[in-house]
Amino acid sequence: MEPRGLPRLLMHLANGLVILFIMLPIVAVVLGSLQPEKTLQGESRRVIPSEWTLDNFTVILTQGQQKGRIFEQATYLPDNIKSFYRAFANSLIVALGVTLLTVGLGALSAYTVARLKLRWALLLMQANVVARFMPAIVLMIPLYVVVRSLGQLNTLHAVILTETGFLLPYAIVILVPFFANIPADLEDAARIDGCTHFQAFWRIILPLSAPGLAACAVIMFIISWHELLIPLILNSRPEFMTLPVIVASLVGDVHVFFNLLMAICLLSLLPTVFLVALLQRYVVEGLSAGAVKG
Amino acid sequence: MAGNDGRRGARELSPQALGVVMNLPAICLLLLVLAYPVVYAGYLSLHRVGIAQLRRGVFPWNDWENYTRLFEDPLFALALKNTILFTVLVVVVEVILAIGIALLINRTSLWTSRLARLLILVPYGVPPITNGLIWSFMYSFQFGFLNRVLFSLGLINDPVNWAGNPNTALYAVAVAYIWRTLPFAVLIIHAALQGIPRELHEAATVDGASAWQRFRWITLPLLTPVIIVILILRTSFAFAVFEEILAITQGGPGDASFVAAWYSYKLTFSPPNNIGMGAASAYVLALLVGLFAIGYVRLIYRRIA
């Protein structure tokens, strides 16, 4: 039964509003990053600027080496803008490290919860579900004191370990339903053929849960790419900052105007927005597995 | 295949032992990064901890002073009030919008529905701090994108100070937060919608039920479990909102948009670095969120059992 006439028109209209709401900030960041400070300030009532430029990206991507026309007279550029590549690399190292560790350790733990029928493993699972709610700020105050006293502030491994511990419960929560959905017969048959539980896990469950592992991995990558509070508190030296920390450091810098700000915003959101677009199916499966299948 | 001559009994660990071994790395890490800090935060919250104490490594007991000062601080009361207001607003608006949008994008015969469905996940890919900065450009009083659009459409004559007005700042942050977190709620509800058998709606239509009646008596009851899940998850995450506050208002103007996580952060990490009291305030936040977490666990495990 398809809607016709007025209801159909109203639905198109409602969809139009939804699309407008989703796209408005994206249009803002694109338009803001493609114009010079001059038009942004001088034409404060125009949506489409009279002048376009790529200089905002040039200055960031050449780390301030080429200033382009619009920054020719600029005497000051924040150091953090100049360390874009370093921050990008740090973000990549942290996100990949966290993804590998959470999916690896999470798979080991999720198997015991989903397939070994242990009473205490179920309790562990419930503890994981509760742990997922813990606000990062609660953990970061004591962790700052601990990491500081161990002399491990301004390192990437402290950030990776902290984020892994923080995200591991969520990874387990996502993986358990995927493991639980694999028919018991397959594992039983392997057991009869002489597989140990661990071999059944390694050769049957893991390969068959490849889509679940992929879903978990992409979500872990996205969340750790986005994480601000943990690297912000643990790392204060520019060479250890991740991309979100660089972005946050520009808040309130009166010398950085919106054109440059929007350019770095656009660069920082592209990787994960692409990932979401390319791997949409996995993101959808992982998020719904982690939310409702318990 | 197993390479152990089929005599697994001799070598195989019992499920109990295997369970312990396979969980060992995760348990160690969780004790180190989750359990220990939570206990240690409790310890810090009962002692005097500032930069001077950190250097010396001695934290003197200060007789619940952190908590008594906390509950006497009007800024903390304001932060809690703002946090609750923000959370209620975000959760209610988000759930209603998500149900509407999920129903809308489920109409795959409409090309606009298919387009909206394609785009709905975009905000999930945007980092929270980046989202905050983009919205600070949207809201900027003098140069903001939102005012540009409204000027161009002839809807306003003077610029609107969206985030700089103490009466609207918190709402401005809420809109930015909803923009980023809405896809998750839409996605979960949309997945649940697809699980509702068509026959139910067809049978009700044959019996003469209107579209509203079908929504009220078929769709809504079947969506209730996922709606409750979203309510609990979003409530506990919105309680800890941080990045959008940092980027858009920094708690301002004045302290109009101070929220709990921002209060703890400022107290702890900006001079004079009152770490003990910061830990106490974070503990209050954890307690509030913990109540929701326990409710969530009881809910989903009761349903499975």
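Residues numbered from 1 in each chain as written. Chains lettered and ligands numbered in written order. Predicted model: local features only at pLDDT ≥ 70, side-chain atom pairs only at ≥ 80, totals over all residues.

Notes on the overall build of chain A
Then step 1. When you go through chain A residue by residue, the secondary structure sums to 15 helices and zero strands.
Then step 2. Relative to its length of 294 residues, chain A is extended, with a C-alpha radius of gyration of 24 Å against a globular reference of 19 Å.
Then step 3. Taking the principal axes of the C-alpha coordinates as reference, chain A spans close to 75 × 70 × 30 Å.
Then step 4. Per-residue burial over chain A gives 49% buried out of 294 residues.
Then step 5. Sequence-distant contacts in chain A: of pairs separated by 6 or more residues, those separated by 24 or more amount to 72%. (Helix = DSSP H or I, 4+ residues; strand = E, 2+ residues; numbered from the N terminus. Rg over C-alpha atoms; globule rule 2.2 N^0.38 Å. Buried ≥ 20, exposed ≤ 12 C-beta atoms within 10 Å, placed from the backbone. Contact = placed C-beta atoms within 7 Å.)

Some remarks on the overall build of chain B
Then step 1. From N to C terminus, chain B includes 14 helices and zero strands.
Then step 2. Moving toward the C terminus, one meets the helices and strands of chain B in the order α-α-α-α-α-α-α-α-α-α-α-α-α-α.
Then step 3. Radius of gyration (C-alpha) of chain B: 25 Å, far over the 19 Å computed for a compact globule of 305 residues.
Then step 4. Once the C-alpha set of chain B is aligned to its principal axes, its extents read approximately 85 × 75 × 35 Å.

Re the environment of His12 of chain A
Then step 1. Tracing the backbone shows His12 of chain A in helix H1 (residues 5-33).
Then step 2. Distance in space between the C-alpha atoms of His12 of chain A and Ala184 of chain A is 46 Å, their sequence separation being 172 residues.
Then step 3. Beyond its immediate chain neighbours, meaning those up to four positions away, His12 of chain A contacts Leu110 and Thr112 of chain B.

Brief notes about the domain arrangement of chain A
Residues and elements named next belong to chain A.
Then step 1. On domain assignment, one finds that chain A holds domain 1 (5-80) and domain 2 (83-250 + 267-292).
Then step 2. On a C-alpha basis, the centroid separation for the pair domain 1 and domain 2 is 33 Å.
Then step 3. Opposite the six residues of domain 1 that make contact, domain 2 presents eight residues.
Then step 4. Those elements giving two or more residues to the side of domain 1 that touches domain 2 turn out to be helix H3 (55-61) and helix H4 (79-82).
Then step 5. Broken down by class, the residue content of the side of domain 1 that touches domain 2 amounts to three nonpolar, two polar and one charged. (Domains from an automatic or database assignment. Nonpolar A, V, L, I, M, F, W, Y, C, P; charged D, E, K, R; others polar.)

Comments concerning the packing of helix H5 (residues 84-115) of chain A against helix H2 (residues 15-45) of chain B
Then step 1. Between H5 of chain A and H2 of chain B, the least distance of the axes is 8 Å, while the angle of their chain directions is 130°. Classified by the interaxial angle, the pair formed by H5 of chain A and H2 of chain B is oblique. Crossing hand, H5 of chain A versus H2 of chain B: left-handed. Where H5 of chain A abuts H2 of chain B, its residues Leu105, Leu108, Ser109, Tyr111 and Thr112 of chain A lie against Gly19, Met22, Asn23, Pro25, Ala26 and Leu29 of chain B. (Axes fitted to C-alpha atoms, helices over the stretch in contact; angles between N-to-C directions. Parallel < 35°, antiparallel > 145°, perpendicular 65-115°, else oblique. Left-handed = near helix turned anticlockwise from the far one by under 90°.)

Structural notes on the packing of helix H9 (residues 184-192) of chain A against helix H10 (residues 197-208) of chain A
All names here are of chain A.
Then step 1. Where H9 contacts H10, the two axes come as close as 10 Å, and the packing angle between them is 140°. Relative to H10, the element H9 lies oblique. Handedness of the crossing formed by H9 with H10: right-handed. Every residue of H10 that contacts H9 at Leu186, Glu187, Ala190 and Arg191 is listed here: Ala200, Ile204 and Ile205.

Considerations on the confidence of the model for chain B
All names here are of chain B.
Then step 1. Here chain B averages 87 in pLDDT, while 95% of its residues score no lower than 70.
Then step 2. Across chain B, element-level confidence peaks in helix H7 (residues 128-139) with a mean pLDDT of 94 and bottoms out in helix H1 (residues 8-11) with 56.
Then step 3. Confidence drops under pLDDT 50 across residues 1-7; counting only partners more than four residues distant or on other chains, this segment forms 10 contacts.
Then step 4. Confidence estimates for the predicted assembly give a pTM of 0.91 and an ipTM of 0.91. (pLDDT = per-residue confidence, 0-100.)

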